[in-house]
Amino acid sequence: MLNLIHVGLELDTEEGKIRILEDINLELGKGKMYAVTGPNGSGKSSVARVIMGIALPTSGNILFNDKDITDLGITERAKLGIGYAFQHPPRFKGMRVVDMLEIAMRTGEMADCQCLRNIGLCPDDYLERALDASLSGGEIKRIEIATLLAQNPKVRIFDEPEAGIDLWSFEQLIDVVGSTHREDNVTVVISHQEKILNMVDEIILVENGMISMKGDQETIWPQIKESAECECRNSCTREGEIYADCPR
Amino acid sequence: MLTALDKKLLQETAGLEEDPPGAYNIRKDGEGIQRHSLPGIEIVPKKDKPGIDIIVEKDRTGTVHIPVILTQSDLSDLVYNTIEIGPGADIELVAGCGIHNPGHGEARHDGVHEIFVREGARLRYTEKHYGEGEGKGKRILNPKTVLVVEPGGYAEMELVQIRGVDDTVRETEARIEAGGHLVIYERMLTHGEQTARSDVVVNLLGEGSAARIVSRSVGQGNSRQVFQPRLVAYGPGRGHVECDSIIMDKAVIRSIPEIWAESAEAELVHEAAIGKIAGEQMMKLMALGLTEGEAEEAIIKGFLK
Ligand SMILES: Nc1ncnc2c1ncn2[C@@H]1O[C@H](COP(=O)(O)OP(=O)(O)OP(=O)(O)O)[C@@H](O)[C@H]1O
Ligand SMILES: [Mg+2]
């Protein structure tokens, strides 16, 4: 359904070009659920942004249902059925939750929208709220998830949906992501949570802008754990002193 | 008789479909054409100059509509209105001006409002500006409002001008006495070659007087805007000024909020920001399927609501 072929992403900065993603190859099949995990700054959100068209790859191709969408803009990809719940949803002065959900649904009746209830927000309390700084971090995050559920695209990418979500709602979140996944969806959840990694068909490990491993959770999880427990990642390389006792 | 055009202008400025509910005065092309008083809400023409006196009796509640419409070119209309909201009264007043300038000459309305909100009274005041017309003639509006809020009174002013008016200079001056409250919401969108200037001076006089000014604007095209709200506290008053603008294209926006305390008991805050639409906001809406133009519009619409 969605293919990334040799996708690379470079950014121009003041200090010159920096490489964000390198040679990403992915085949995301219809009806499957995926988790993308990996260290902070490894490039997980960048993969999502490249799929959504927010960042355009500097090399490689992206295919959606065998159609090359590499050069399509964000709007066109959204219209084809790609959707992305941001890691850090922007806030809007003056816009209300109901306005955002209406944009996401385009058609259909707000009254039918279970999307807020599904993630534990009571519509009466939230529909009229402004999507501005008055919402808490967890609230805005949940509204972002509700918006993607309302949009109901074919390809659903959730970027760290659990971040800032309380323990009670976390279970509900997992349930709703799972129960709204249909045969013709691809669901991608960027996450660091074991529970989420356990519910998907395939785990993709991104490290240093590259895909370093992928596979089902039984084979991947032990290796991720081992790699995560490795102390070397948390140590700094100081002048002349290198902490290099990493087993890998 | 009201023509179809008159009705459209009335709809745009005052949201009127039919005869207004409550008391009203409709002014067209420099003359009062319809007037309706109610017991306790008296509307009388001024004797010495163009304009009306609106006198609301003590404890009266109700609505008053006083729209002004201009449908001709080469017309300059100057009007003085005095509005007196009696003690304890609770009134919704809808003013506003709609201009349809068909020709190439100017169509201009200068309104001077004097408003007294007496002890314990409440006033909700809305003033909408609307302009249209096929000619090249400028549509000019220069409202001046002088407001007094007496002890315990409350006034809320909503001043709206979205497109359509070429030049506007708005002056608002308020005097808030002990325990009086004033809230001003200003919404403005200019485009093309339009210019707009808004000067607000609020004087907080007595103990417990308070004022809040919230100004939101969008500047597009080559338009120019200047906002200069000033809050002066002479005693233990509280005030907050907030100016927030979205700037686009080649527009120029100046925002100069001023707070001025004459007393150590005063608490005054101002905030001002000018910026373009955030990229992340655009991307979020486009990821929901809106085009760039639609996303921009949705953001502006929300911002100015
Ligand atoms: N505009 C930019 N300028 C410089 N570096 C950037 C820019 N945008 C992203 N990066 C870098 O690209 C890398 C990948 O970022 P990305 O947001 O994809 O990481 P991530 O895996 O999602 O991290 P996290 O787990 O913290 O969300 C990071 O090292 C980040 O610092
Ligand atoms: Mg990320």
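From a predicted model like this one, the values you see are computed outputs, not experimental measurements.

Rules used throughout
- Residues numbered from 1 in each chain as written.
- Chains lettered and ligands numbered in written order.
- Predicted model: local features only at pLDDT ≥ 70, side-chain atom pairs only at ≥ 80, totals over all residues.
- Heavy atoms only, no water.
- Phe/Tyr/Trp six-rings, centres within 6.5 Å; stacked < 30°, edge-to-face > 60°.
- Buried < 20%, exposed > 50% of the residue type's maximum accessible area, 1.4 Å probe, protein only.
- Lys NZ or Arg CZ within 6 Å of the ring centre and 35° of its normal.
- Near = heavy atom within 4 Å.
- Polar contact = N/O pair within 3.5 Å; in protein donor to acceptor, adjacent residues only side chain to side chain.
- Areas by Shrake-Rupley, 256 points an atom, 1.4 Å probe, with all protein chains shown as cover.
- Helix = DSSP H or I, 4+ residues; strand = E, 2+ residues; numbered from the N terminus.
- Nonpolar A, V, L, I, M, F, W, Y, C, P; charged D, E, K, R; others polar.
- Core = buried A, V, L, I, M, F, W, Y, C linked by side-chain atoms within 4.5 Å.
- Contact = heavy atoms within 4.5 Å.
- Pairing = 2+ DSSP bridges.
- Axes fitted to C-alpha atoms, helices over the stretch in contact; angles between N-to-C directions.

Draft legend 1. Representation of the packing of aromatic side chains in the model. Enumeration over the complete set of coordinates arrives at one aromatic pair over all chains. Taking 5.1 Å as the distance between ring centres and 35 degrees as the angle between the ring planes, the aromatic pair formed by A:Y84 and A:F86 counts as tilted. For A:Y84, a relative accessible area of 2% gives the class buried. What makes A:F86 buried here is its relative accessible area of 2%. Over the ring of B:Y80 we find B:K49; its NZ or CZ atom is 4.6 Å from the centre of that ring. Here the guanidinium or amino end of B:R122 rests over the ring plane of B:Y154, the centre of that ring lying 4.4 Å away.

Draft legend 2. Here's a closer look at the site of ligand 1. Residues and elements named next belong to chain A. In the vicinity of ligand 1 lie 14 residues, with G41, K44, S45, S46 and Q87 positioned nearest. Contacts to ligand 1 include S45, whose side-chain N or O atom sits 2.8 Å from an oxygen atom. Measuring from an oxygen atom of ligand 1, one finds a side-chain N or O atom of S46 at 2.5 Å. When isolated, ligand 1 has an accessible area of 640 Å², and the protein chains bury 59% of it. No other element matches helix α1 (residues 44-52), which puts three residues into the shell around ligand 1. Here the residues of the shell around ligand 1 are counted per class, giving four nonpolar, eight polar and two charged.

Draft legend 3. The arrangement of the nonpolar core in detail. Among the nonpolar cores identified, the biggest contains 95 residues, and A:L2, A:L4, A:L116 and B:L285 are the most heavily contacted of them. Not counting the four nearest positions on each side in its chain, A:L2 is found in contact with A:L26, A:E27, A:L28, A:I51, A:I62, A:L63, A:F64, A:I82 and A:V155. Judged by nonpolar contacts, the second largest core, of 39 residues, contains B:I66, B:I115, B:V117 and B:I213.

Draft legend 4. Summary view of the sheet that holds strand β7 (residues 155-159) of chain A. Residues and elements named next belong to chain A. If you walk across this open sheet you meet the six strands as β6-β7-β8-β3-β9-β10, and the pairing is mixed. At either margin of the open sheet sits one strand with a lone partner, and together these are β6 (82-85) and β10 (210-215). Between one strand axis and the next, the sheet turns through 20 degrees on average, direction left out of account. In this structure, β6 lies alongside β7, joined through four bridges in parallel fashion. Each bridged residue has a counterpart across the sheet, and for A85 the counterpart in β7 is F158.

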